[in-house]
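Observations on chain architecture
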Amino acid sequence: MLTNKKIIVTGCASGIGAETARLVKELGGTVIGIDRNETTENVDSFYKVDFGDKASIDALVQALPDGVDGLANIAGVPPTLDAETVVRVNLIGVKYFTLNMIDKLADGASIVNLASLAGLGWPNSVEQIKVAADLDFDQVAEFVASHDIDKEQARSYFFAKEALVVWTMQHRWTWRDRGIRVNAISPGAVETPILKDFLETLGKKADEARKVMDRAGTPKDIAPVVAFLLSDMTPWIRGVNIAVDGGQAANALCGMNGL
Ligand SMILES: NC(=O)c1ccc[n+]([C@@H]2O[C@H](COP(=O)([O-])OP(=O)(O)OC[C@H]3O[C@@H](n4cnc5c(N)ncnc54)[C@H](O)[C@@H]3O)[C@@H](O)[C@H]2O)c1
């Protein structure tokens, strides 16, 4: 499905990124792995970066090859970290890296952003999302403080994922002349090393969500959907956010709308 495709997988050292890298190779692709933690597993080449740091991303973009067929933006941090770091890594860094990679992408390339079920409530945050649209790295601290995003820890995570879903939709046609598309995937709770951090910050909300589930997700539930979006089978899927969550988004939407 991905034969001869050169795919960047960020967050390749753990969890969903590691499983995506493994699957991309199994499906015939070449993996350019990127993470802050070094790994040699499931990658053909590896680059170290801190997505919370602009200079680190600049150096990475310069070092990466041209002609990349797919960009899977999977690296991310949980809401147990400070709000500024969460917004820098999970939103500002993803956007900055992607925009600076466009010239290095091949025509017809596919970009996949790992958002989250936590981004489902974006329609209630549109004004905040608009204010943050053009934030640079050095403006994040002031933004999170002035918008109360640092008051409740998980809010930073919810906000970053809401804004990432919106950013994905907004770029539905930006690179259409080159056939480059961007989509998002929103997992529910997935068994990876950061799940315990989510449960710690989400407390009661997470307990309630888990009660309605038959089982937790695993990276193997998510990676095939990333691979599908990276493949040539999806050229007309653009700017969408696909829930891969065992039905949690549908359950929440039915509940919110009295269905
Ligand atoms: N696990 C879940 O329940 C869940 C649910 C919804 C969405 N997600 C999203 O899926 C993505 C992957 O999460 P995961 O569960 O596999 O977590 P994970 O911790 O297993 O993997 C995250 C990877 O990102 C890397 N990373 C973190 N910060 C980085 C930085 N500043 N620079 C470079 N690399 C960095 C880590 O080193 C790690 O290898 C994240 O974007 C997360 O928000 C996870």
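Residues numbered from 1 in each chain as written. Predicted model: local features only at pLDDT ≥ 70, side-chain atom pairs only at ≥ 80, totals over all residues. Heavy atoms only, no water.

**Some points on the overall build of the chain**
As a reminder, the rule being used: Secondary structure elements are taken from DSSP: a helix is a run of H or I of four residues or more, a strand is a run of E of two residues or more, and numbering for both begins at the N terminus. Only C-alpha atoms enter the radius of gyration; for comparison, a globular chain is expected to reach 2.2 Å times N to the power 0.38, where N is the number of residues. Residues are treated as being in contact if the distance between any of their heavy atoms lies within 4.5 Å. Surface exposure here means Shrake-Rupley accessible area, sampled with a 1.4 Å probe, where a residue is shielded only by the protein chains that are shown. Counted as positive: Lys and Arg. Counted as negative: Asp and Glu. His and the chain ends are not counted at all. By convention, the charge on Lys lies at NZ, on Arg at CZ, on Asp at CG and on Glu at CD.
When helices and strands are counted, the chain shows ten helices and seven strands. Since a compact globule built from 259 residues should have a radius of gyration of about 18 Å, the 17 Å found for the chain is in line with a globular shape. Across the chain, contacts joining residues at least 24 apart in sequence account for 76% of those joining residues at least 6 apart. Counting only carbon and sulfur atoms, one obtains 52% of the accessible surface of the chain, whose full area is about 12000 Å². Computed over 26 positive and 34 negative side-chain charges, the separation of the two mean positions in the chain equals 4 Å.

**Some words on the sheet that holds strand E7 (residues 241-244)**
Note the cut-off: Strand pairing is defined by DSSP finding a minimum of two bridges between the two strands. Angles shown run from 0 to 180 degrees and are taken between the N-to-C directions of axes, each axis being a line fitted to C-alpha atoms and, for helices, limited to the stretch in contact.
Taken in spatial order, the seven strands make up an open sheet running E3-E2-E1-E4-E5-E6-E7, and their pairing is parallel. The open sheet is flanked by strand E3 (45-48) and E7, the only strands paired with a single partner. The average undirected angle you get between the axes of adjacent strands in this sheet is 20°. Sitting on the sheet, helix H1 (residues 15-26) touches strand E1 (6-10), strand E2 (30-35), strand E5 (105-114) and strand E6 (181-187), and the angle it makes with E1 is about 165°.

**Details of the environment of Glu-84**
Note the threshold: Relative accessibility under 20% of the residue-type maximum defines a buried residue, over 50% an exposed one, and the middle range a partly exposed one, all with a 1.4 Å probe and only protein chains included.
By secondary structure assignment, the location of Glu-84 is in helix H3 (residues 83-101). The class of Glu-84 is partly exposed, set by a relative accessible area of 26%. Each C-alpha atom of the pair Glu-84 and Phe-137 lies 9.4 Å from the other, and the pair is 53 residues apart in sequence. Setting aside residues no more than four positions away along its own chain, Glu-84 makes contact with Val-140, Ala-141 and Val-144.

**Describing empty space enclosed by the protein**
Rolled over the atoms, a probe as big as a water molecule pinpoints where empty space is left. Quick reminder of the rule: Points on a 1 Å grid, built from protein atoms alone, make a cavity when a 1.4 Å probe fits but cannot get out and make a pocket when they are open with protein on both sides within 12 Å along at least 5 of 7 lines; residues with an atom within 4 Å of a point are the lining residues. Grid points are joined across faces, edges and corners, and a volume is the space filled by probe spheres set on the points. Think of it as three bins: nonpolar holds Ala, Val, Leu, Ile, Met, Phe, Trp, Tyr, Cys and Pro, charged holds Asp, Glu, Lys and Arg, and polar takes everything else, Gly as well.
Taken as a whole and assessed by the stated rule, the structure comprises one cavity of 30 Å³ or more. Counted as a void, the largest cavity has a volume near 40 Å³. Lining the largest cavity, in full, are Thr-10, Phe-51, Asn-73, Ala-75, Val-89, Val-94 and Phe-97. Counting residues per element, the lining of the largest cavity draws most heavily on H3, which supplies three residues. Residues of the lining of the largest cavity, tallied by class, amount to five nonpolar, two polar and no charged.

**Quick look at the packing of helix H2 (residues 54-63) against H3**
Inclusion rule: Here is the rule for angles: anything less than 35 degrees is roughly parallel, anything more than 145 is roughly antiparallel, 65 through 115 is roughly perpendicular, and the remaining ranges are oblique. Should the near helix be turned anticlockwise from the far one by less than a right angle, the crossing is termed left-handed; should it be turned clockwise, right-handed.
Running from N to C, H2 and H3 cross one another at 30°; their axes reach a closest spacing of 10 Å. Our classification of the angle between H2 and H3 gives roughly parallel. Seen from above, H2 lies across H3 with right-handed handedness. Contact residues: H2 offers Lys-54, Ile-57, Asp-58, Leu-60 and Val-61, while H3 offers Gly-93, Tyr-96, Phe-97, Asn-100 and Met-101.

**Structural notes on the pattern of salt bridges**
Defined as follows: Salt bridges are identified by distance alone: a Lys or Arg side-chain nitrogen within 4 Å of an Asp or Glu carboxyl oxygen.
Applying the stated criterion across every chain, the model contains twelve salt bridges. Of the charged contacts, one joins Glu-127 and Lys-130 as a salt bridge, the two residues approaching to 3.7 Å between their closest N and O atoms. Taken together, the residues Glu-127 and Lys-130, both in helix H4 (residues 126-131) and three residues apart, mark about one turn of the helix. The class for Glu-127 is exposed, based on a relative accessible area of 55%. In this structure, Asp-221 and Arg-215 form a salt bridge, with 2.9 Å as the shortest nitrogen-oxygen distance. When its relative accessible area of 27% is taken as the criterion, Asp-221 is described as partly exposed. Here the salt bridges do not stand alone but share partners, grouping Glu-19, Arg-22, Glu-26 and Lys-220 into one network.

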